[in-house]
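Secondary and tertiary structure notes
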Amino acid sequence: MDTVSGRDAMADSVTVLRTQSGRRGLAIARRRILCEGAMNQVSHFPRYDTRTVHRLDGLWEATFVGADVDPGEVRPGDIRWDDLMTVPGVFDSCPNHVRKRGCFALRHFVDTVDSAARGRLRFGGLGLWGRVFVDGECLGTCQTPYAPWSVAVPPGRRRQRELVILIDNRFDRDRVPLFDPFFDFYGYGGIYRSVAWHELPACALDRVTVTPLDLAGNVRIDIRLDGNAPAKLDATLAFDGGDPAAFNGLELNSGLATLTTRVPSPRLWEPANPRLHTLRVGIDGDSITERFGLRTVTAERGKILLNGKPVKLLGYNRHEAHPQFGPALPPQQLLHDLQLLRRLGCNFVRGSHYPQDQRFLDLCDELGFLVFEEALGWGTPAVHLADPRFNELQEAQTRAMVRASANHPSVILWGFLNECESHKPESDAAVARLAGAIREEDPSRLVTFATNHPFEERNYDKVDVVSVNQYPGWYPEDRHKERPLDEIEPLIDRVIAHLKAEGQAAKPFIISEMGAGAIYGWRDELEAHWSEQYQAAYLGILARRVVADERIAGVAIWQFCDGRTYAHGHALGRPRAFNNKGSFDEYRRPKMAADTVRRIFTGEA
Ligand code: ADA
């Protein structure tokens with residue numbers, strides 16, 4: 001499992017096996033052999049061809065530590081290892097631990113090439129809470145579920161390093177201020193995405209961000225260092241595998257060097273023709289290859305413009321969800337989901353409601369999807385919006401999301417705080433802080449957030465795009481109305497009229513959520529709520545209106561597929577304890593609505 005890039009990977013994996021069998025007995029050696037080739041590894045950009053990177057996805061030792069323990073008191077030396085777990089993976093969907101809430105531990109040994117090298121452990125995302133120990137020493141605690149996160153590892157005394165990760169999935173406002181039990185999606189415990197251990201030189205490259213400045217190939221390049229920065233930086237830049245050009249004596253400001261240049265032979269990235277470029281940056285002792293696309297995204301007179309041309313966003317909200325894998329989806333599923341969306345004529349995905357898997361965004365780049373990526377949030381009440389610790393972690397996860405995804409041309413909208421109490425004064429500072437942090441990190445994309453208070457919203461002035469979540473005809477305004485579907489269009493009309501009255505008519509307006517539930521296979525002559533017919537009729541009205549209405553810049557239908565949610569009393573409004581508003585069920589079997597939407601989005605109807 002320990003893949004080593006930038007070295008002779010095959011020779012190194014043989015060393016791994018020899019070390020294990022010699023030191024820790026045959027059973028473990030067999031276990032290692034199992035680990036070596038069996039797991040799905042799809043590395044994503046950026047890539048590193050000089051440093052040693054141990055990709056740690058695969059089988060780890062594991063154990064459920066307890067439902068009552070304080071994870072802050074757990075020490076690696078006291079743990080008895082009696083189980084196995086895959087990384088990525090969530091323990092509470094595994095047969096041995098299904099439904100459990102508590103503390104779970106995972107262990108893996110990493111055979112470093114240079115024990116004297118400092119390291120960095122990079123996590124694509126975990127939840128709900130995680131703590132990392134290397135050789136028994138606590139190195140950091142992650143309180144930002146789903147967000148990319150990393151921790152520095154000091155050099156060790158021995159080549160083999162013991163890595164122990166504690167995961168806790170209990171709802172706890174102190175430990176996990178960003179995830180609450182009222183969220184309408186299941187809060188799983190585990191390592192949701194890939195983990196890698198990087199061996200680093202004293203001065204290493206952290207990330208290189210390429211920001212398109214125009215359509216002629218001019219770009220701004222930000223080179224961010226990790227470690228001891230020199231006074232000035234000498235770097236080489238090679239686009240698309242071409243010859244490296246030297247850029248010497250670059251000024252550094254807090255480990256960041258910025259320059260502008262022009263991409264040779266620039267090609268635009270467009271949904272119908274998603275052409276990508278690569279940039280390899282080399283410095284003394286390290287290198288990184290980033291992939292990016294040349295495109296601009298702007299807002300003008302109520303429209304979203306991609307490369308200067310209006311684009312209508314037609315798509316769905318998508319949770320990273322599967323009944324067995326939870327949010328730790330295998331790459332087959334990521335591609336499968338996008339292929340289903342494409343068949344429906346979609347060009348747009350809202351990654352509800354958290355930072356996305358980098359492998360998923362790589363696929364969106366390749367397939368030409370447009371993405372609304374948002375930081376973790378769901379129905380945040382005003383009291384949390386006023387809490388300084390909450391806001392600090394919100395900002396941290398939002399910045400981490402933007403930095404991780406900055407090179408994906410697919411991402412055009414940044415968001416946060418889905419359906420917070422943005423009609424209350426406590427929201428003003430919280431929204432301003434997050435919108436400001438995003439613009440500071442990346443002024444090249446549009447900022448939005450999904451409000452479910454369109455008529456009392458206080459924060460329209462802080463966004464570039466107005467995103468509204470509403471469920472007319474599902475959660476009824478009038479329970480006695482004979483034909484609830486008749487609520488849909490009047491509500492849309494009212495929102496549009498209200499935005500005009502508020503002086504927001506020039507901003508693009510998207511319907512970031514609207515939809516209705518249906519139980520897969522429930523076809524009924526009454527065609528009432530929960531029947532496939534009702535949902536199909538509902539989405540038919542919505543999709544037709546969006547396609548036809550110039551004032552609507554796009555839609556993200558709620559939702560792509562059914563997903564597990566509350567396992568408590570809230571499930572009374574969620575049959576099967578699933579949110580059933582998917583156009584596909586949780587196994588991606590289409591309901592009637594999928595075909596209705598397909599016919600409208602593809603123009604067949
Ligand atoms: C909200 C929320 C979604 C989902 C939806 C629903 O708008 O943003 O996550 O819970 O309601 O199904 O009611």
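Residues numbered from 1 in each chain as written. Predicted model: local features only at pLDDT ≥ 70, side-chain atom pairs only at ≥ 80, totals over all residues. Heavy atoms only, no water.

Moving on to the sheet that holds strand β23 (residues 286-292). Pairing is antiparallel in the open sheet, where four strands are placed in the order β18-β17-β22-β23. What marks the edges here is a single partner per strand, and that holds for β18 (245-251) and β23. When the angles between neighbouring strand axes are averaged without regard to direction, this sheet yields 25 degrees. (Pairing = 2+ DSSP bridges. Helix = DSSP H or I, 4+ residues; strand = E, 2+ residues; numbered from the N terminus. Axes fitted to C-alpha atoms, helices over the stretch in contact; angles between N-to-C directions.)

Next up on the list: helix α8 (residues 488-501). The terminal C-alpha atoms of α8, which comprises 14 residues, lie 20 Å apart, in line with the 20 Å expected from a rise of 1.5 Å per residue. Turning to α8, its buried residues are Ile488, Leu491, Ile492, Val495, Ile496, His498 and Leu499. Along the axis of α8, the buried positions cluster into a sector of 160 degrees, meaning they face one direction only. What points out from α8, more than 90 degrees from its buried face, is the exposed set Lys500 and Ala501. (Expected span 1.5 Å × (residues − 1). Buried < 20%, exposed > 50% of the residue type's maximum accessible area, 1.4 Å probe, protein only. Arc of directions from axis to C-beta.)

A few words now on the nonpolar core. Judged by nonpolar contacts, the single largest core of 96 residues is most densely connected at Tyr316, Phe416, Leu417, Phe509, Ile511, Tyr538 and Leu542. Broken down by element, this core gets its largest block of residues, eight residues, from helix α9 (residues 532-548). Taken together, domain 1 (34-200) and domain 3 (311-601) each give at least three residues to this core, which thus spans both. Not counting residues up to four positions away in its chain, the partners in contact with Ile511 are Val468, Ile492, Leu542, Val546, Ile552, Gly554, Val555 and Ala556. (Core = buried A, V, L, I, M, F, W, Y, C linked by side-chain atoms within 4.5 Å. Domains from an automatic or database assignment. Contact = heavy atoms within 4.5 Å.)

Now for the site of the ligand. Around the ligand, a shell composed of 13 residues is seen, among which Asp184, Glu419, Tyr475, Glu513 and Lys581 lie nearest. Here an oxygen atom of the ligand and a side-chain polar atom of Trp378 are 2.8 Å apart. Coverage of the ligand by the protein chains reaches 96% of its 310 Å² of free accessible surface. Its residues assigned to classes, the shell around the ligand comprises four nonpolar, four polar and five charged. (Near = heavy atom within 4 Å. Polar contact = N/O pair within 3.5 Å; in protein donor to acceptor, adjacent residues only side chain to side chain. Areas by Shrake-Rupley, 256 points an atom, 1.4 Å probe, with all protein chains shown as cover. Nonpolar A, V, L, I, M, F, W, Y, C, P; charged D, E, K, R; others polar.)

Every buried residue of helix α10 (residues 592-601) is accounted for by Ala593, Ala594, Thr596, Val597, Ile600 and Phe601. Summarising the axial view, the buried residues of α10 lie within an arc of 165 degrees, below the 170-degree limit, and thus occupy one face. Here the buried face of α10 lies against β27 (313-318), α9 and β35 (552-557). Just past α10, the residue Gly603 takes up positive phi, approximately 85 degrees.

Bringing the pattern of salt bridges into the picture now. By the definition in use, this model includes 52 salt bridges. Arg399 is the salt-bridge partner of Glu395, the closest N and O atoms lying 2.8 Å from each other. Taken together, the positions of Glu395 and Arg399, both in helix α6 (residues 388-405) and four residues apart, correspond to about one turn of that helix. Judged by its relative accessible area of 17%, Glu395 is buried. Between Arg445 and Asp442 there is a salt bridge, with its nearest N and O atoms 2.8 Å apart. Like Arg445, the residue Asp442 is buried in the burial classification. Through salt bridges with shared partners, one network takes in Glu395, Arg399, Arg403, Arg433, Glu440 and Glu441. (Salt bridge = Lys/Arg side-chain N within 4 Å of Asp/Glu carboxyl O.)

Summarising the element assignment, Trp558 is placed in the loop between β35 and β36 (563-564). Sequence spacing of Trp558 and Ile511 is 47 residues, and the spatial spacing of their C-alpha atoms is 9.7 Å. When near neighbours in sequence (up to four residues on either side) are disregarded, Trp558 contacts Asn317, His319, Ser352, His353, Tyr471, Glu513, Met514, Gly515, Ala516, Asn579 and Lys581. Looking at Trp558, its side chain comes within polar contact range of the side chain of Asn579, at 3.4 Å.

Counted under the stated rule, the structure contains 21 aromatic pairs. Consider the rings of Phe91 and Phe104, whose centres lie 4.4 Å apart with planes at 5 degrees: the pair is stacked. One end of the pair, Phe91, is in the loop between β5 (89-90) and β6 (103-111); the other, Phe104, is in strand β6, with 13 residues separating them in the sequence. We classify Phe91 as buried; its relative accessible area is 0%. Centroid distance Tyr146 to Tyr354: 3.8 Å. Interplanar angle 10 degrees. Geometry classified as stacked. Remark: Tyr354 occurs in the loop between β28 (348-351) and α4 (358-367) and Tyr146 occurs in the loop between β10 (137-142) and β11 (149-153); sequence separation between them is 208 residues. Looking at Tyr146, the relative accessible area reads 2%, which means it is buried. Look at Tyr354 and you get buried, because its relative accessible area is 1%. Note that Arg47 overlies the ring of Phe45, its terminal NZ or CZ placed 4.1 Å from the centroid. Over the ring of Tyr186 we find Arg101, and its NZ or CZ is 5.0 Å from the ring centre. (Phe/Tyr/Trp six-rings, centres within 6.5 Å; stacked < 30°, edge-to-face > 60°. Lys NZ or Arg CZ within 6 Å of the ring centre and 35° of its normal.)

Our next topic: the side chain of Thr398. Mapping Thr398 onto the fold places it in helix α6. Once residues lying within four places of it in the same chain are set aside, the contact partners of Thr398 are Ala375, Leu434 and Ile438.

In spatial order, the strands read β4-β3-β6-β12-β9-β10; together these six strands make up an open sheet with antiparallel pairing. Looking at the sheet topology across the chains shown, the edges are occupied by β4 (83-87) and β10. Averaged over all pairs of adjacent strands, the angle between strand axes in this sheet comes to 30 degrees, irrespective of strand direction. Judged from the nine bridges that link them, β6 and strand β12 (residues 160-168) form a sheet pairing that is antiparallel. Opposite Leu106, over in β12, you have Ile165 as the bridge partner.

Once that is clear, we can look at unusual backbone geometry. Residues Gly127 and Leu128 are joined by a peptide bond in cis, for which omega reads -5 degrees. In this structure, Leu128 sits in the loop between β8 (126-127) and β9 (129-134). Omega for the peptide link from Trp558 to Gln559 comes to 0 degrees, which places this bond in the cis form. Position of Gln559 relative to the elements: it lies in the loop between β35 and β36. For Ser265, which is not glycine, the phi torsion reads 45 degrees and is therefore positive. Here Ser265 lies in the loop between β19 (256-262) and β20 (269-270). Judged by relative accessible area, Ser265 falls into the exposed class, the value being 56%.

These results come straight from atomic positions and should not be treated as a statement about function.
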